[in-house]
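Listed below, chain by chain, are the residues.
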Amino acid sequence: MVTTIRNADEKINIDRLVTRDVPLAPLSTYGTGGSADFLASPRDLAQLRAVIRWAAGKQLPVTVLAGGSNVLISDDGVEGLVISTGNLNAHHVRGCIFCAQSGLMLDTAINVAIEHSLSGLEPLGGLPGSVGGAVWGNAGSGGLWISELIEWVDYLDEEGELVRFQGMDNGFSYKRSPFMGKNWILFEIAFRLTPNKNTSDARLRKEQSRSSRLESGQFDYPSAGCVFKNPRGISAGKLIDDAGLKGFSVGGAAVSEHHANFIVRTSGEATSSDIYELSTIIAHEVKRKYQTDLEREIILIGRWNR
Ligand SMILES: Cc1cc2nc3c(=O)[nH]c(=O)nc-3n(C[C@H](O)[C@H](O)[C@H](O)COP(=O)(O)OP(=O)(O)OC[C@H]3O[C@@H](n4cnc5c(N)ncnc54)[C@H](O)[C@@H]3O)c2cc1C
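All values reported here derive from a predicted model rather than from experimental measurement. (Residues numbered from 1 in each chain as written. Predicted model: local features only at pLDDT ≥ 70, side-chain atom pairs only at ≥ 80, totals over all residues. Heavy atoms only, no water.)

Draft legend 1. How the structure looks around the site of the ligand. As a matter of local geometry, the ligand sits amid 32 residues, with Val64, Ser69, Asn70, Ser130 and Gly140 nearest to it. Here alanine 66 contributes a backbone N or O atom positioned 2.8 Å from an oxygen atom of the ligand. Burial of the ligand by the protein amounts to 94% of the accessible area it has alone, namely 980 Å². Counting only elements with at least two residues in the shell around the ligand, the list comes to strand S5 (62–65), helix H4 (131–136), strand S11 (140–141) and strand S15 (185–192). Broken down by element, the residue count for the shell around the ligand peaks at 4 residues, all from H4. A breakdown of the residues in the shell around the ligand according to their chemical character gives 15 nonpolar, 15 polar and 2 charged. (Near = heavy atom within 4 Å. Polar contact = N/O pair within 3.5 Å; in protein donor to acceptor, adjacent residues only side chain to side chain. Areas by Shrake-Rupley, 256 points an atom, 1.4 Å probe, with all protein chains shown as cover. Helix = DSSP H or I, 4+ residues; strand = E, 2+ residues; numbered from the N terminus. Nonpolar A, V, L, I, M, F, W, Y, C, P; charged D, E, K, R; others polar.)

Draft legend 2. Quick peek at the environment of proline 222. Along the polypeptide, proline 222 turns up in the loop between helix H5 (199–215) and helix H6 (236–242). In sequence terms proline 222 and asparagine 111 are 111 residues apart; their C-alpha atoms lie 24 Å from each other. With residues up to four places along the chain from it excluded, the contact list for proline 222 reads Thr29, Tyr30, Ile263, Val264 and Arg265. (Contact = heavy atoms within 4.5 Å.)

Draft legend 3. Structural context of empty space enclosed by the protein. Evaluation of the coordinates by the stated rule reveals 1 cavity of 30 Å³ or more. Lining the largest cavity are Gly217, Gln218, Asp220, Tyr221, Ser256, His258, Phe262 and Val264. Residues of the lining of the largest cavity, tallied by class, amount to 3 nonpolar, 4 polar and 1 charged. (1 Å grid on protein atoms, 1.4 Å probe; cavity = no way out; pocket = protein on both sides within 12 Å on 5 of 7 lines; lining within 4 Å. Points joined across faces, edges and corners; volume = space filled by probe spheres on them.)

Draft legend 4. Inspection of the domain arrangement of the chain at higher detail. Domain boundaries assigned for the chain yield domain 1 (4–84), domain 2 (91–215) and domain 3 (236–301). Each of domain 1 and domain 3 has a C-alpha centre, and these two points are 29 Å apart. At the interface, 12 residues of domain 1 touch 13 residues of domain 3. Here domain 1 and domain 3 share an interface that buries about 1,200 Å² over both sides, 57% of which is from carbon and sulfur atoms. Ranking the residues of domain 1 by area buried against domain 3 places Tyr30, Asn70 and Leu72 at the top, with a combined share of 57%. Taken together, the links from domain 1 to domain 3 amount to 0 salt bridges. Scanning the region where domain 1 abuts domain 3 turns up 11 residue pairs in polar contact (both at pLDDT 80 or more). At the level of elements, S5 and strand S6 (71–73) are the ones that each hand at least two residues to the side of domain 1 that touches domain 3. It is S6 that provides the largest number of residues to the side of domain 1 that touches domain 3, a total of 3 residues. For the side of domain 1 that touches domain 3, a count of residues per class yields 6 nonpolar, 5 polar and 1 charged. (Domains from an automatic or database assignment. Buried area = accessible area lost by both parts, 1.4 Å probe. Salt bridge = Lys/Arg side-chain N within 4 Å of Asp/Glu carboxyl O.)

Draft legend 5. Looking closely at unusual backbone geometry. One non-glycine residue, aspartate 21, adopts positive backbone phi at about 50°. With respect to the helices and strands, the residue aspartate 21 is situated in strand S3 (residues 18–23). With a relative accessible area of 56%, aspartate 21 lands in the exposed category. In this model, glutamine 291 sits at a positive phi of 50°, which is unusual for a non-glycine residue. Inspection of the secondary structure puts glutamine 291 in the loop between helix H7 (272–290) and strand S20 (299–301). The exposed category is assigned to glutamine 291, whose relative accessible area is 59%. (Buried < 20%, exposed > 50% of the residue type's maximum accessible area, 1.4 Å probe, protein only.)

Draft legend 6. View of the side chain of glutamine 101. Among the secondary structure elements, glutamine 101 is positioned in strand S9 (residues 97–101). You can call glutamine 101 buried: its relative accessible area is 10%. From its side chain, glutamine 101 meets the backbone nitrogen of asparagine 89 in a polar contact 3.4 Å long.

Draft legend 7. Just the sheet that holds strand S14 (residues 162–165), in detail. Strand order in the open sheet formed by 5 strands is S8-S9-S15-S13-S14, with antiparallel pairing between adjacent strands. For this open sheet the edge positions go to strand S8 (91–94) and S14, each flanked by a neighbour on one side alone. Pairwise comparison of adjacent strand axes, ignoring direction, gives a mean angle of 15° for this sheet. As judged from the 4 bridges shared by S8 and S9, these two strands associate in the antiparallel manner. (Pairing = 2+ DSSP bridges. Axes fitted to C-alpha atoms, helices over the stretch in contact; angles between N-to-C directions.)

Draft legend 8. Expanded view of the packing of aromatic side chains. Per the stated rule, a full pass over the model turns up 8 aromatic pairs. On the numbers, 6.2 Å between centres and 65° between planes, the contact of phenylalanine 179 with tryptophan 184 is edge-to-face. Centre to centre, the rings of tyrosine 276 and tryptophan 304 are 5.0 Å apart; their planes meet at 35°, and the pair counts as tilted. Separated by 28 residues along the polypeptide, tyrosine 276 in helix H7 and tryptophan 304 in the segment after S20 bring together distant segments of the chain. Take tyrosine 276: its relative accessible area is 21%, and that puts it in the partly exposed class. (Phe/Tyr/Trp six-rings, centres within 6.5 Å; stacked < 30°, edge-to-face > 60°.)

Here's what the structure looks like:
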């Protein structure tokens, strides 16, 4: 049945936007996990609102999936509607303010900012994922937390209303943002950047960040980056390494030989359950040996019995 929603004088055909039973593994860097009951990849605010309201009308839960570089998708799939933000990638520059829709890939955003002679984001060069995912999780690298550069965030609330969030001092901390634990969808983020005519220097800095990731083996195997947050004042990777867990494996998932806080997929047969089970063993071992609790950084999405 064709469901047509009138939104901003535009008729939106929901049946063209929403697809049933879509495998999600290709949308995550681990390349594991089951299917979405429904998937939509809206291209603009009107389409995003329309799919949110469609899901609300059917009382379906909504899950946002962006670059898929910090998630572990259940092998049993994801209930309700998954919104992929990949097509929400428009951007514009006004003075020192760089506005990017949430699905724009971070690496592309850095390049665009540099083309406009704007600097600041370069330490995040090579960080996989989208602008929205980075803001949601307050991603950081090379001494910079992305929250340090945010001017405002426009998000859609549960009712599909567009709300502006300002006052960045509130709610951001290590790997935390005020958007966690809410059913909000980040739509557009404005960054305040620094004018810099020396674009070749900025490009070089960005490339150095990217190549140091490549050289340290971060992309040798599929992963979702650090599995655990660092407990206060301690490196989770060091604890895992000291516990003798480097190389330890479950099924097709193993603790990375390069970086003990990465669980890598070493075989195409690996499942999300292998990765989850290995993370549970790691947390248990670190607790047993060092009486330290490790909190997962990667986000479990879908049907997990936890
Ligand atoms: C090799 C590798 C290296 C990494 N290095 C780093 C690093 O140095 N520093 C670091 O901080 N992280 C790192 N990561 C982790 C990851 O890349 C970041 O956390 C990234 O910012 C996640 O963005 P994403 O678009 O992939 O989000 P996803 O993985 O798709 O989503 C992550 C969470 O954000 C939510 N989300 C995403 N977009 C939106 C939105 N528009 N609205 C509402 N919620 C949203 C999702 O629902 C989910 O809960 C690394 C990952 C890999 C694979």
